[in-house]
Amino acid sequence: MGKGERSLYNTHLDTFLIVANTGSFSRAAEELYITPSAVIQQINSLEARLRVPLFHRSNKGVTLTKQGLYLKEECVDYIRKGKSIQEKLLSMPDSDVSLTLGTSIREKCRVFYDFWVQFSEIHQDYSVRIMTIDTTFPIHREVDFIESVSTDAAWQGDEHVALVHHQLLAVA
């Protein structure tokens, strides 16, 4: 996570893992490009939040407590899952339904746009994504609809092709 970005999980766990792996607040600070006091503050905050000590502190560095060892074992998967969930959430479209329109750059056909303007006024929970296609190759499986004027397209014989407004509109 970059500076200013939000995370699904407490990012002090990242700091905790680096301190646990380096055995030192100072070395963790170097890796994180922050001051040792900032690292100590994050660990103190995490310990207060969890209400358990995570490290034994000495002038030779830090070692994990029993609770710290347990947290270290568990939080790697927890962080990975948190990042995975966040990536999935961020990649989801804002609307409830997303449709992908395949269209050719070489064959200008804009029947779908007029249809979409009228449709989206009624169905505001839909969004559309436009994907460039090559009509000489089979359609990509991500494409829900194809807009083309081509009569010799590779997908022409596909049973999912329908004739709409005297233009071909294929449904994958």
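Look above for the structure.
Residues numbered from 1 in each chain as written. Predicted model: local features only at pLDDT ≥ 70, side-chain atom pairs only at ≥ 80, totals over all residues. Heavy atoms only, no water.

Notes on the environment of Phe55
(1) Moving on: If you trace the backbone, Phe55 turns up in strand S1 (residues 55-58).
(2) Moving on: Residue Phe55 is classed as buried on the basis of its relative accessible area of 4%.
(3) Moving on: For the pair Phe55 and Val19, spaced 36 residues apart in sequence, the C-alpha separation works out to 9.3 Å.
(4) Moving on: In this structure Phe55 touches Phe16, Val19, Ala20, Ile43, Glu47, Val62, Thr63, Leu64 and Thr65, once residues within four positions along its chain are discounted. (Helix = DSSP H or I, 4+ residues; strand = E, 2+ residues; numbered from the N terminus. Buried < 20%, exposed > 50% of the residue type's maximum accessible area, 1.4 Å probe, protein only. Contact = heavy atoms within 4.5 Å.)

So, the side chain of Glu47
(1) Moving on: Its place among the elements puts Glu47 in helix H3 (residues 36-50).
(2) Moving on: Only 2.9 Å separates the side chain of Glu47 from the side chain of Arg57, close enough to count as a polar contact.
(3) Moving on: Among all residues touching Glu47, those that are not within four sequence positions of it are Val52, Pro53, Leu54, Phe55 and Arg57. (Polar contact = N/O pair within 3.5 Å; in protein donor to acceptor, adjacent residues only side chain to side chain.)

Some remarks on unusual backbone geometry
(1) Moving on: Even without a glycine there, the phi angle at Tyr33 is positive, about 60 degrees.
(2) Moving on: Position of Tyr33 relative to the elements: it lies in the loop between helix H2 (25-32) and H3.
(3) Moving on: The phi dihedral of Arg51 falls on the positive side, at around 60 degrees, and the residue is not glycine.
(4) Moving on: Take Arg51: it is sitting in the loop between H3 and S1.

What about the pattern of salt bridges?
Oppositely charged side chains may form a pair once their charged atoms are brought near each other.
(1) Moving on: Scanning the entire structure with this criterion turns up 2 salt bridges.
(2) Moving on: For Arg57, the salt bridge is made with Glu47, and the minimal N-O distance between the two is 2.9 Å. Pair noted here: Arg57 is in strand S1 and Glu47 is in helix H3, with a separation of 10 residues, a long-range link.
(3) Moving on: We classify Arg57 as partly exposed; its relative accessible area is 39%.
(4) Moving on: Given the relative accessible area of 11%, Glu47 is considered buried.
(5) Moving on: Between Asp77 and Arg80 there is a salt bridge, and its shortest N-O distance comes to 2.7 Å. Here Asp77 pairs with Arg80, and both are found in helix H4 (residues 66-91), just 3 residues apart, close to one helical turn. (Salt bridge = Lys/Arg side-chain N within 4 Å of Asp/Glu carboxyl O.)

Regarding the packing of aromatic side chains
Each aromatic ring pair is described using two quantities: the centre-to-centre distance and the angle formed by the ring planes.
(1) Moving on: Counted by the stated rule, this structure contains 2 aromatic pairs.
(2) Moving on: Pairing Phe16 with Phe55 gives two aromatic rings, centres 5.4 Å apart and planes at 50 degrees, and the pair type is tilted. One end of the pair, Phe16, is in helix H1 (residues 12-22); the other, Phe55, is in strand S1, with 39 residues separating them in the sequence. Taken individually, Phe16 and Phe55 each receive the classification buried, so the pair is uniform in this respect. (Phe/Tyr/Trp six-rings, centres within 6.5 Å; stacked < 30°, edge-to-face > 60°.)

Looking at the nonpolar core
(1) Moving on: Core analysis: the biggest nonpolar cluster contains 20 residues, and Phe16, Val19 and Phe55 have the highest contact counts within it.
(2) Moving on: Looking at this core, the elements that each hand over two or more residues are H1, H2, H3, strand S2 (61-64) and H4.
(3) Moving on: If one sorts the elements of this core by residue count, H1 sits on top with 6 residues.
(4) Moving on: Sequence-distant contacts of Val19, defined by excluding residues within four places in its chain, comprise Ser24, Phe25, Ala28, Val39, Ile43, Phe55 and Val62. (Core = buried A, V, L, I, M, F, W, Y, C linked by side-chain atoms within 4.5 Å.)

Quick notes on the pairing of S1
(1) Moving on: Bridge count for S1 against S2 is 4 bridges, and the pairing is antiparallel. Looking across to S2, one finds that Arg57 is bridged to Val62.
(2) Moving on: Hairpin remark: S1 followed by S2, antiparallel, with 2 residues in the connecting loop. (Pairing = 2+ DSSP bridges.)

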